[in-house]
Amino acid sequence: MSVAQPLRLNVVFMTRQPYPHGMAGTKVLQNLIDAVRPFRHIHPEVLVLRGRHAGLRCTDPAGVYRGTPYRVIGAHRGSGLGAVCHVPTDSRHAVAHLRQVRDPAVGNVLFIYGGPDLTNLWIIRQARQLGYKTAFYLVEDVRVMPPAAGVGAWLDRQGERLLSKRIAQLADAVFVISTHLQAKTERLCKGRCPVTLLPISVNPADYPAEPTPFHDPVRIVYGGMFAEKDGVEDLIDAFDRVADTYPDVELILTGRARDDRLEAVRTRVRAARHCDRIRYKGYLAAEEYYPFLAEGDILCAIRRGSAFAATGFPFKLGEYLATGKPVIATAIGDIPRYLHDKTDAVLVPPDSITALAEAMEYLLADRARAQRLGHAGRRVAWECFSIETLGSPLFERLGAL
């Protein structure tokens, strides 16, 4: 009988995103875990700090999701100043959990989704004293983020901006989602710790083997957040123009937003000439969302032009490409680094309703061509963003800590 080889790394993924159910941030974390799962020397688990996304509160404070144990600190906590008051208590509970799950026989890594902030700073310092190596995964440039809503969120943001300058003193490794963040972080770290580009990710298991043919009516789809940077109102205006010419199309929206943003989108829908062909399906859980995407026909990964949009990388883009359906994407940030206009996606400039409408018409005018473009986009997703592609560099970097 062969003896099982002992684990070499105990990796605790710490996040402030909802877990195990939520939107892009949650799925990013799950994809990272799935990426290292084939490497038997890594034992992953999840530690969740509450305080953000009060609309997606986790009601299960602990459990096992797809074989990975997780623990939620402050499971029923809301957000805002009330959550800030609980930071000291929650931090002590988090450190106690890290002490409990630490394995002295192997290497221990604390992998933080996001950068250092006022909520996690003390936890990170205590973890390092316990012998944990620390790695950050940066997905946003906090220096150019939009203004925060509420006093608690404002304090959060100020803390992130201040502490982002000290990341080299707190990190043993940093992963970044975009080349902008890579260049910025390398300047901050000055060679003190490695900085690794780890772009958006997709799990091929979430998608059907073959894309479905176009439906009648054709489904133009957007799924994600309805923040101002996402330009959903521009999408509605562009669809209204296209629907004048094409009676066999409909626009389907799904996702979440703050109440004021959701009402702004609904107001724009009510004002549309073809409002009877625009549907909002609300928030869909993962088990509904991925089949919904796969049944779309034209998927729109749009963003408005802003410094914030240009410095990150929209996670939804990888999800859309992986369906094998044709994608319209805004040519901003790193997107043109991976995609080429009318080769594997249709790229449009930001803030151009005319260009967005023309992109829709380009795909509707020749549906066989549109489907070929969708297949090409899926190849980009598999080659550049699949967890099989990203797993090895992630494993190698963590293993070198």
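Heads up: the structure comes first, above all this text.
These notes cover the structure that comes with them. Because the structure is a prediction, the values reported are computed rather than measured.

Before going further, it helps to examine the overall build of the protein. A tally of helices and strands in the protein yields 16 helices and 14 strands. Relative to its length of 401 residues, the protein is compact, with a C-alpha radius of gyration of 21 Å against a globular reference of 21 Å. Its C-alpha atoms put the protein at 65 × 55 × 40 Å along the principal axes. The burial tally for the protein puts 57% of its 401 residues in the buried class. Across the protein, every contact between residues at least 6 apart in sequence was considered, and the portion connecting residues at least 24 apart equals 74%. Carbon and sulfur atoms provide 53% of the accessible area of the protein, an area that totals close to 16900 Å². For the protein, the distance from the average site of its 51 positive side-chain charges to the average site of its 43 negative ones is 8 Å.

Pairing within the open sheet is parallel, and its six strands lie in the order E11-E10-E9-E12-E13-E14. Each edge of the open sheet carries a strand with a single partner, namely strand E11 (278–280) and strand E14 (346–348). Adjacent strand axes in the sheet meet at a mean angle of 20 degrees, parallel and antiparallel pairs treated alike. Alignment of strand E10 (residues 249–256) against E11, held across three bridges, turns out to be parallel. The partner of Leu251 across the bridge, within E11, is Ile278. In this fold helix H14 (residues 353–365) packs onto strand E9 (218–225), E10, strand E12 (298–301), strand E13 (327–330) and E14, with an angle of close to 170 degrees to the strand it touches most, E14.

Here the focus is the sheet that holds strand E6 (residues 133–138). Pairing within the open sheet is mixed, and its eight strands lie in the order E3-E4-E2-E1-E5-E6-E7-E8. Sheet topology places strand E3 (62–65) and strand E8 (195–197) at the edges, where each strand pairs with a single neighbour. Neighbouring strand axes in the sheet, compared pairwise and without regard to direction, differ in orientation by 25 degrees on average. Pairing of strand E7 (residues 173–176) with E8 involves three bridges; the strand directions are parallel. Within the sheet, the bridge partner assigned to Val176 lies in E8 and is Leu197. Along the sheet, helix H3 (residues 87–101) makes contact with strand E1 (9–15), strand E2 (42–49), strand E4 (68–73) and strand E5 (107–113), crossing E2 at roughly 170 degrees.

Going from Tyr19 to Pro20, the amide bond is cis rather than trans, its omega being 5 degrees. Following the sequence through the fold, Pro20 ends up in the loop between E1 and helix H1 (24–36). At the junction of Asp216 and Pro217, the peptide bond is cis and its omega measures out at 5 degrees in the coordinates. Along the chain, Pro217 turns up in the loop between E8 and E9. For Lys190, which is not glycine, the phi dihedral falls at a positive 50 degrees. Mapped onto the elements of the fold, Lys190 is located in the loop between helix H7 (179–189) and E8. Classification of Lys190 as exposed rests on a relative accessible area of 65%.

The subject of this paragraph is the environment of Leu339. Position of Leu339 among the secondary structure elements: in the loop between helix H13 (335–338) and E14. For the pair Leu339 and Gly377, spaced 38 residues apart in sequence, the C-alpha separation works out to 7.9 Å.

Taking 1.5 Å per residue as the helical rise, H3 with its 15 residues ought to reach 21 Å, and the 21 Å between its terminal C-alpha atoms agrees with that figure. Of the residues making up H3, those classed as buried are Asp90, Ser91, Ala94, Val95, His97, Leu98 and Val101. Along H3, the residues classed as buried sweep out an arc of 155 degrees about the axis, all on the same side. If you follow the buried residues of H3, they end up packed against E1, E2, E4, E5 and helix H4 (121–129).

Any space left empty among the atoms is revealed by the rolling of a water-sized probe across them. Enumeration according to the criterion identifies two cavities of 30 Å³ or more in this entry. Quantified by volume, the largest cavity comes out at close to 90 Å³. In this structure, the largest cavity is lined by 13 residues; those nearest its centre are Asp234, Ile302, Arg303, Asp351 and Leu356. The class makeup of the residues in the lining of the largest cavity is six nonpolar, three polar and four charged. There is about 40 Å³ of room inside the second largest cavity. Tyr19, Gln30, Ile33, Asp34, Arg37, Tyr65, Arg66 and Thr68 together form the lining of the second largest cavity.

Calculation criteria
Residues numbered from 1 in each chain as written. Predicted model: local features only at pLDDT ≥ 70, side-chain atom pairs only at ≥ 80, totals over all residues. Heavy atoms only, no water. Helix = DSSP H or I, 4+ residues; strand = E, 2+ residues; numbered from the N terminus. Rg over C-alpha atoms; globule rule 2.2 N^0.38 Å. Buried < 20%, exposed > 50% of the residue type's maximum accessible area, 1.4 Å probe, protein only. Contact = heavy atoms within 4.5 Å. Areas by Shrake-Rupley, 256 points an atom, 1.4 Å probe, with all protein chains shown as cover. Lys, Arg positive; Asp, Glu negative; His and termini not counted. Charge placed at Lys NZ, Arg CZ, Asp CG, Glu CD. Pairing = 2+ DSSP bridges. Axes fitted to C-alpha atoms, helices over the stretch in contact; angles between N-to-C directions. Expected span 1.5 Å × (residues − 1). Arc of directions from axis to C-beta. 1 Å grid on protein atoms, 1.4 Å probe; cavity = no way out; pocket = protein on both sides within 12 Å on 5 of 7 lines; lining within 4 Å. Points joined across faces, edges and corners; volume = space filled by probe spheres on them. Nonpolar A, V, L, I, M, F, W, Y, C, P; charged D, E, K, R; others polar.

Read these as geometric descriptors, not functional statements.
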